[in-house]
Amino acid sequence: MFGLIIFFLVGIGLGHFIEPLQGFDFSNIIFITVSLLVFLIGFSAGGNKEVFEKIKKDKLKTILIPMMSLVGSITAGLLISVIFSDLNYIRASLITAGMGYYSLSSILVSAQLGAYMGTLVLMSNILRELIVLLFSPLLVKYFGKIAPIAAGGATTMDVTLPIITKSSGNDYMILAMINGLILSMTVPVVIGFLLTFAN
Amino acid sequence: MLIIFLSLASGLFLGFVYKGERLKSYSEAITRIMILLLVGLMGLSLSSNREILHNFFDLGIKASIFAIGSIAGSITAVTILLRLLERGEK
């Protein structure tokens, strides 16, 4: 837990103070790291019989969890829209419908609603991913083992998968994977739908 | 996305075929180290992106409220779902 925050802060410090690193695109390195991590996690879990028994047992649950997570997130956006006079309820729900899938959701939103909304969607969903990345162990402690999967949204199939398996346990890996997969497919459709009402 | 899936599938397959314990405990140790590296890289990519950093304080508060709110909403909804499913099973 503290190790994670320290490494994150060291990363921020390095990026901030070392001149040649500025403007460097890290997305490929991050992608390779995530792919390797996912391979290693698969390798550790592959021989684990419990994992496969879990999918057979919980078919309904594995589909309902991502759907409810999306509904909860959009509802939160609608509630938050009351606070901000410059964001109507459609705009607010667009931000929370991103489910951490910041690359795609921010591109879709900025294309129609401009850079301000695009950046807001980007930052809010990056933060969502970061919070899960840094605080998964705490989420498990206070809200149960399913909490980081619900919180992680579309990112639970790649970026946050390692930390979720670490904090919730190996038997939550498949659930996280399916959750992220379903949401990654649903988020673009939902955002496209919401955008038809936005102005 | 395809590559991530292939990585997971090949890892699962190899883990399924390989029955030994030694390599697996190594891979768990490497996983732990790589998670730390990944988080460091995230910080690095965030702070090396001037555009994000420049707008960070303008939009930061709004974005934080939405991020925390959406997480709270999702956790609440899923927790309610699990309670309902548990009650259904009894």
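Residues numbered from 1 in each chain as written. Chains lettered and ligands numbered in written order. Predicted model: local features only at pLDDT ≥ 70, side-chain atom pairs only at ≥ 80, totals over all residues.

(A) Quick look at the overall build of chain B. Looking only at helices and strands, one finds three helices and zero strands in chain B. Along chain B, helices and strands appear, N-terminal first, in the series α-α-α. Across the 90 residues that make up chain B, the buried fraction comes to 34%. (Helix = DSSP H or I, 4+ residues; strand = E, 2+ residues; numbered from the N terminus. Buried ≥ 20, exposed ≤ 12 C-beta atoms within 10 Å, placed from the backbone.)

(B) Up close: the overall build of chain A. In terms of helices and strands, chain A carries 10 helices and zero strands. By the burial criterion, 50% of the 199 residues in chain A qualify as buried. For chain A, contacts bridging at least 24 residues in sequence account for 63% of all contacts bridging at least 6. (Contact = placed C-beta atoms within 7 Å.)

(C) Just the nonpolar core, in detail. Residues Ile-149 and Ala-176 of chain A together with Val-78 of chain B are the most contacted members of the largest nonpolar core, which totals 76 residues. Ranked by the residues each element gives to this core, the list is headed by helix H7 (residues 115-143) of chain A, at 12 residues. Residues contacting Ile-149 of chain A, with those up to four places away along its chain left out, are Ile-65, Thr-156, Ile-164, Tyr-172, Leu-175, Ala-176 and Asn-179 of chain A. (Core = buried A, V, L, I, M, F, W, Y, C linked by C-beta atoms within 7 Å.)

(D) View of the confidence of the model for chain B. Here chain B shows a mean pLDDT of 83. Residues at 70 or above account for 86%. Complex prediction metrics read pTM 0.76 and ipTM 0.81. (pLDDT = per-residue confidence, 0-100.)

(E) A look at the packing of helix H2 (residues 27-46) of chain A against helix H9 (residues 161-168) of chain A. Residues and elements named next belong to chain A. The interhelical angle for the contact between H2 and H9, taken along N-to-C directions, is 35°, at an axis separation of 9 Å. Here H2 contributes Leu-37, Val-38 and Ile-41 to the contact with H9, which in turn contributes Leu-161, Pro-162 and Thr-165. For the contact of H2 with H9, the class distribution of residues is five nonpolar, one polar and no charged. (Axes fitted to C-alpha atoms, helices over the stretch in contact; angles between N-to-C directions. Nonpolar A, V, L, I, M, F, W, Y, C, P; charged D, E, K, R; others polar.)

(F) Region of the structure containing the environment of Ser-167 of chain A. Residues and elements named next belong to chain A. As for its placement among the helices and strands, Ser-167 is situated in helix H9. Ser-167 sits in the buried class, given 21 other C-beta atoms within 10 Å. When the C-alpha atoms of Ser-167 and Lys-141 are compared, they prove to be 9.1 Å apart, with 26 residues separating the residues in sequence.

(G) Summary view of the environment of Leu-133 of chain A. Looking at the secondary structure, you find Leu-133 of chain A in helix H7. When the C-alpha positions of Leu-133 of chain A and Gly-3 of chain A are compared, they lie 12 Å apart, and in sequence the two are 130 residues distant.

(H) Molecular detail of the confidence of the model for chain A. In this model, chain A carries a mean pLDDT of 86, and residues with pLDDT of at least 70 account for 94%. Looking over chain A, one finds the lowest element-wise mean pLDDT in helix H3 (residues 49-57) of chain A, namely 66, and the highest in helix H8 (residues 147-152) of chain A, namely 97.

(I) Representation of helix H2 (residues 22-47) of chain B. Taking 1.5 Å of rise per residue, the 26 residues of H2 of chain B would be expected to cover 38 Å, and the 39 Å separating its terminal C-alpha atoms lies within 8% of that figure. Buried within H2 of chain B we find Ser-27, Thr-31, Ile-35, Leu-38, Val-39, Gly-40, Leu-41, Met-42, Gly-43, Leu-44, Ser-45 and Ser-47 of chain B. (Expected span 1.5 Å × (residues − 1).)

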